[in-house]
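Descriptive structure summary
Listed here are the chains, written in short residue letters.
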Amino acid sequence: MWWKEPVTSLKGIGVKKAAELAELNIATVGDLLEYYPRQGAYLDYANLKRIKDLLTDGSKQIFKAEVCQVRNGYGSSRRAYTLVTVRDETGYAGLYFFAGQRYKAQKLALGTKLLITGRVRQGRTAKSVSEVDVQDIDAKEAKAPGILPVYALSGNLSQNNLRKWMAEALKLAAKDLPESLPEAVIKKEALPDRLTALRNIHFPASWEALRSAKRRFVFEELFLLQCGLLYYRQQNRDQREGVKHGADGALLRQVREHLPFELTEQQQRAWREISLDMQDKRPMHRILQGDVGSGKTVISALALAKAAENGYQGCIMAPTEILAAQHYDTLREFLQPAGLRVALLTGGMRARARRELLLNLELGLIDVLVGTHALLEEDVRFAHLSLAVTDEQHRFGVEQRARLANKSQIAPDVLVMTATPIPRTLALTVYGDLDISLMKGRPPGRKPVQTLCYNESRRREVYEGLVRQLQAGRQAYVVCPLIEQSETLRVRSAENVYEELRGGVLKNIPCALLHGRLKGAEKEAIMADFAAGKIKALVSTTVIEVGVNVPNATLMIVENAERFGLAQLHQLRGRVGRGDQQSYCVLLAGTDSPEALARLQVLHDSEDGFYLAEKDLEQRGVGQLFGLRQHGLPDLRIADIMRDTDTIAQVRRLAGQELAKPNGRQELRRMVDMQFGERFGMIFNT
């Protein structure tokens, strides 16, 4: 199969060029063909402007000009730049290159003819162009009509290199290119065939042909991703028989009656969905998305009690020993009065205690096992596992989830929980193999956290407020973006803030420093002392984002808050407001930028994590907020989850229809393998 051949099989690609292509994740001819031009980056030779006709409104434009001067300089803030002056028959323009782009500018020889794209504004004496992308043009290409692609590059690769190799790969495709979508789907959606779409996404015959090709590949990528997820889901359900748990009985009623609170309406609805799933013969695959502080642990306790009531075992896996210990304490409180046996397994256990625990587990003398990744180890064997719960699912991938489920001869019910609010469109992509339950709102008795946004001018006042909270017997967090001071970033580090506070306003108050470089035992000891009230103020990095429940902590100060995403700030804010006292989250911005302060104001106005996650997606994009790769899923090359929300819902429906057809699973499996290859293999092989 030619598309699986290495790129070195193409003319002009040797070992060195292949290494540079590898930096772009291009290893095979097929990878090359699926390396699409940058978003919106095409050169339309029919619309090249003259310098005189360039608009100075800050928009991106394309023009052709000749280099007439290259010089280095410094801006008002001593920021180094390289200025390349170019000209055509109508005038002059200045191209500004900063930071890592300067070396490219300094290589430009006088008289070089360039194709230039960039944002054009009016400078003092000539038009000024920033965010510049330039490429040499030879006489032959300069006369070529039509639309040419612009690719992201690495090393010494040029646009001409990529275009030449792409044209050669397309000639191979013309001889033999398998289709990657079912014929019925192509016809129904009026999509171009794969070869036509490939030609028009790389060398468009027209703008309309380009739009049609993009639509085809966005659809294809999302359709096959959903096919893969639904295939995995069906395989999970079909391969092994599940457990049909009985209806809620006396033991479950006893657990509910002894809870120290009434379930909220949202909790009751989520529990109904989970309980009915567990009563089905097919294995449950459900995610419980609960906003910060919405009370997910009690729902998992009910599910674990239901498994035990039916004579089976359950387990819950958490990403850190701190969180596992917290779950253990909470579950013991909820379940032990009903006679259920709860145990904790972590990596730091003594060998003898571990051996004893594992023996009791295998003999069926433990009903509920709580643990970290240690649960995944081979010597952890259950007598009758029927429910596997994972908490903070974004810390675990599909593979780990499957390994936990494989701890049983029967297919256990799988419940995953997360406090990271994910917009539904993203959840359908990341958790396409799971049903979704949502819980919003706080349990009764908890007051909303008051969120305040200030800049550096209010810093002293903020820390005076910290002291007042501590003197009133409360506790506080101070969160910083870095562990230690950076030479390049002007932000406050946890080490510096800790030393500053310890020698200043917190001089006689017990405080501690917590960050990810500390050993596990040190972190555990600090968090235990904070939870016990021995430490009054905890200066930390984001390691407390998923941490212990400390109801007495009523204040959080976030330094350089502008450097965090909204969803992450919301997660951090969830560490306070867990008791019955009024709590506060103070966002200290290290900038006076109106845009940054306006973004933080969104947190002041809303406590809805799902709304904030949508805003984060708008502002920072999917990759920043919630990368797909950590879930074991392939990255999206051309689709955009925010832009293509309608397509996601559409392809999910179509994928289900195609998989239900005779031989549909085998045919779609072939297509998914062809598109995603080994990147999806892990899911199919678990």
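Numbers given for residues are sequential positions, taken from 1 along each chain in its written order. With pLDDT at 70 or above as the cut-off, local features in this predicted model cover only qualifying residues; side-chain atom pairs require 80 or more to be listed or tallied, and sums for whole chains, interfaces and linings still use all residues. Values shown for side chains rest on all heavy atoms present in the structure; no hydrogens or waters enter the calculation.

Considerations on the pairing of strand 16 (residues 475-479)
Formally: Summary of the burial criterion: residues with accessible area below 20% of their type's maximum are buried, those above 50% are exposed, and those between are partly exposed, where the area comes from a 1.4 Å probe applied to protein chains only. Under the DSSP-based scheme used, a helix requires at least four consecutive residues in state H or I and a strand at least two consecutive residues in state E, with every element numbered from the N terminus. Only strands joined by at least two bridges in the DSSP assignment are considered to pair.
Burial analysis of strand 16 places 5 of its 5 residues in the buried class, which makes it a mostly covered element. Bridge count for strand 16 against strand 19 (residues 553-559) is 5 bridges, and the pairing is parallel. Looking at strand 19, one finds that Tyr 477 is bridged to Met 556. For strand 16 and strand 18 (residues 537-540), the ladder comprises 4 bridges, and the chain directions are parallel. Within strand 18, the residue paired with Val 478 across the bridge is Val 539.

A word on the sheet that holds strand 10 (residues 342-345)
Cut-off, in case you're wondering: All axes here are fitted lines through C-alpha atoms, helices being fitted over the stretch that makes contact, and every angle between N-to-C directions spans 0 to 180 degrees. Whether two residues touch is decided by their heavy atoms; if any such pair falls within 4.5 Å, the residues are in contact.
Spatial ordering of the open sheet is given by 10-11-9-12-13-8-14, a layout of 7 strands whose pairing is parallel. Whereas interior strands pair on both sides, the edge strands pair on one side only; in this sheet they are strand 10 and strand 14 (435-439). Adjacent strand axes in the sheet meet at a mean angle of 20 degrees when their direction is disregarded. Two strands pair when backbone bridges link them, and strand 9 (residues 313-317) and strand 11 (residues 368-371) are joined in this way by 4 bridges, in the parallel orientation. Counterpart to Gly 314 in the pairing with strand 11 is Val 368. Here helix 12 (residues 321-335) sits on the sheet and contacts strand 9, strand 10, strand 11 and strand 12 (385-391); the angle it forms with strand 10, its principal contact strand, is near 175 degrees.

Here's the deal with helix 12
As a reminder, the rule being used: Each residue after the first adds 1.5 Å to the expected span of a helix.
Here helix 12 spans 20 Å end to end across 15 residues, near enough to the 21 Å set by a 1.5 Å rise per residue. Along helix 12, the residues that are buried comprise Ile 322, Leu 323, Ala 324, Gln 326, His 327, Tyr 328, Thr 330, Leu 331, Phe 334 and Leu 335.

Points about the sheet that holds strand 18
The strand order 15-20-19-16-18-17 describes an open sheet built from 6 strands, whose pairing is parallel. Looking at strand neighbours, the two that pair on one side only are strand 15 (450-455) and strand 17 (511-514), the edges of this open sheet. Neighbour-to-neighbour, the strand axes of the sheet open up by a mean angle of 15 degrees, direction not taken into account. Contacts from helix 17 (residues 494-502) reach strand 16, strand 17, strand 18 and strand 19 within the one sheet, and its direction differs from that of strand 17 by about 175 degrees. Against the sheet, helix 20 (residues 594-605) makes contact with strand 15 and strand 20 (584-589), and its axis sits at roughly 165 degrees relative to strand 15, the strand it touches most.

Quick word on the packing of aromatic side chains
Put simply, the rule reads: Pairing of aromatic side chains requires ring centres within 6.5 Å, counting the rings of Phe and Tyr and the six-membered ring of Trp. Pairs whose planes differ by under 30 degrees are stacked, by over 60 edge-to-face, and all others tilted. Two conditions define a charge sitting above a ring: the NZ of Lys or the CZ of Arg must be within 6 Å of the ring centre, and it must be within 35 degrees of the ring normal.
On inspection of all chains with the given rule, the structure shows 9 aromatic pairs. Pairing Tyr 42 with Trp 207 gives two aromatic rings, centres 6.4 Å apart and planes at 85 degrees, and the pair type is edge-to-face. Placement of the pair is Tyr 42 in strand 1 (residues 42-44) and Trp 207 in helix 8 (residues 207-239), with a sequence separation of 165 residues. Since its relative accessible area comes to 5%, Tyr 42 is described here as buried. Taking NZ or CZ as reference, Arg 458 lies 4.1 Å from the ring centre of Tyr 454, over its face.

Some points on the side chain of Arg 459
Operational definition: Polar contact is defined as a pair of N or O atoms within 3.5 Å, subject to the rule that within protein one atom must be able to donate a hydrogen and the other to accept it, and that residues adjacent in sequence are counted only when both atoms are side-chain atoms.
Here Arg 459 shows up in helix 16 (residues 459-471). Of the polar contacts made by the side chain of Arg 459, one reaches the side chain of Glu 559; its length is 2.5 Å. Apart from residues lying up to four places away in sequence, Arg 459 is in contact with Arg 492, Val 497, Glu 500, Glu 559 and Leu 588.

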